[in-house]
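# Residue-level structural notes
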Amino acid sequence: MCEENAKTEHAALIEVSVSDDKKQAFIKLEKQEEGNTVFTREELLAALAENQIVHGIIESAVEKLAQRPIYKIRIKVAEATDPIDGNDGVVKLLVKKDADYKPEYSEDETIDYKNLNYFQMVKKGQILCEITKETPGIDGKDLYGQVIPAHKGRKPQVPAGKNTSLTADESKLLADCDGIIKFINTINIDEMMHIRKNIDFSTGNINFPGDVTIDGDVSSGFSVKAGGNLIIKGVVEDAKIEAAGNVVIAKGIYGGSSGDVIVGQDLRCNYIENAVLHVDGDITVDYIIDGKITCNGNIYLSGSKELVVGGEIQLLGELVARDIGNDREYPTVIRILGEKIIDQDEIDRLSAKAAEVRLQLADSSEKEAQVTALLLAQEKKDMLSRKHDSPAMEQIATLKKQIDRQVLNLKKEIAEIEDAIIYVKKRASVSYYGSVSAKRKLYRGTRIYFGEIPFSFEFDSLDHCKIYWDNDTIINGML
């Protein structure tokens, strides 16, 4: 009995506590009032077991506490095993998004026309991105032996798109064909026709719905039509070029009697000589000589010459060059196109009203036809019965007059609405948002128009000038 009492007394002297987060357990020992107080390892473990602490027991701490008791201080003797969360999956891109991809510039900040990496071109089988998969994580355990679940890593957002595929182990995304990258949220590859020589009698004319790359020249008399972007690493000489997307020509365009160039987006080339062009986007070029150009964007002269001489250029945006014209006063025409400002909301409102009235007119016209048929039928009936001016005849005739008057009024209302639409359109004004800038010299012989309104200057030439439209006036400003 004495031994059992001693054990009970020892248990009373062992205080087990747990941290607020239930991740750590402590023992605090108390001394007996008399004699030496010694605790065995088993007693300490039994005290933990009595408090349901079965996991994470630090054996070395319990052993030391049994051999050399420390009193009135909490000693850590158990610790939960924290879960290890899984790692998120990672995608390492080996290509750039469209918004991040820019053409390369040389040291003097002009475009290197010989570097044709303006588009991201890929080969079949090329690695587009490397993928590290998510990991599941390792569960933990609390002091009481309960599982603490780990969070699984998030799956990587693989940007797989058109003409791409994953490897068998899903660690890489590959290109399924040669082509050009279109990367916004997903990587898409537009198939590309790649011609590794000149366009001439050996190839014939080219008409392809996607992107086209030509390693050589486009010879005189031939044509190339691309439904996407077009890259030509040589020269275009008196040939027809048409592309729905961007066009990059490494050397330049030399026109002639049958050549013309149509570009749906931007054009970049080294030079334009004696060529006819229509470009819906911007043009970036070193020099233009005798070009007949319509551009719905801006024209930037960038390179060693930055020169415009001769020809006629029409554009909506700004033209920026170092020199425009030359000291021989060679005729050079630049026309800034205007944009009509019109009250479209009022036109839409009037058009909707006209459509509504036309529906009413159609309904009234149908009623008019029905009443006319009734009138003829009643007239025939009265003739057979030898009646004149019967009440039914009078009622139908009165109704017909009312409907005829309604039809006439609706037609009049439609005519008035159409006149109002014509009036709103006539009130439309034209604004010119484009400009002409000469960073060095604007020579005499250069004629600049805003629509049909000419800009005239008295001096032999103008230096460092910007010609633009403001408040219905052509302004000669300084750069």
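Structural data are supplied above this passage.
A few points on the structure. (Residues numbered from 1 in each chain as written. Predicted model: local features only at pLDDT ≥ 70, side-chain atom pairs only at ≥ 80, totals over all residues. Heavy atoms only, no water.)

### Describing the pairing of strand 2 (residues 24–29)
- For strand 1 (residues 14–18) and strand 2, the ladder comprises five bridges, and the chain directions are antiparallel. Of the residues in strand 2, the one forming a bridge with V18 is A25.
- Between strand 1 and strand 2, which pair antiparallel one after the other, the connecting turn spans five residues, and K22 there sits at a positive phi close to 60°.
- Where strand 2 lies against strand 3 (residues 75–79), four bridges are found, and the strand directions are antiparallel. What sits directly across from Q24, in strand 3, is E79. (Pairing = 2+ DSSP bridges. Helix = DSSP H or I, 4+ residues; strand = E, 2+ residues; numbered from the N terminus.)

### Some points on the pairing of strand 18 (residues 240–243)
- Burial along strand 18 is one-sided: the residues I241 and A243 are buried and none of K240 and E242 is.
- Strand direction decides the pairing type here: strand 15 (residues 223–226) and strand 18, joined by four bridges, are parallel. Bridging across to strand 18, V224 finds its partner in I241.
- Two strands pair when backbone bridges link them, and strand 18 and strand 20 (residues 260–263) are joined in this way by four bridges, in the parallel orientation. Bridging across to strand 20, E242 finds its partner in I262. (Buried < 20%, exposed > 50% of the residue type's maximum accessible area, 1.4 Å probe, protein only.)

### Remarks on unusual backbone geometry
- The backbone phi angle of K22 is positive, close to 60°, even though this residue is not glycine.
- With respect to the helices and strands, the residue K22 is situated in the loop between strand 1 and strand 2.
- For E329, which is not glycine, the phi dihedral falls at a positive 55°.
- On the secondary structure map, E329 appears in the loop between strand 27 (318–324) and strand 28 (332–336).
- For E329, a relative accessible area of 46% gives the class partly exposed.

### Examining the packing of aromatic side chains
- Inspection of every chain in the model, using the stated rule, returns five aromatic pairs.
- Centre to centre, the rings of Y271 and Y287 are 5.6 Å apart; their planes meet at 15°, and the pair counts as stacked. One end of the pair, Y271, is in strand 21 (residues 267–273); the other, Y287, is in strand 24 (residues 287–295), and 16 residues separate them in sequence. Summarising the burial analysis for this pair, Y271 and Y287 share the class buried. (Phe/Tyr/Trp six-rings, centres within 6.5 Å; stacked < 30°, edge-to-face > 60°.)

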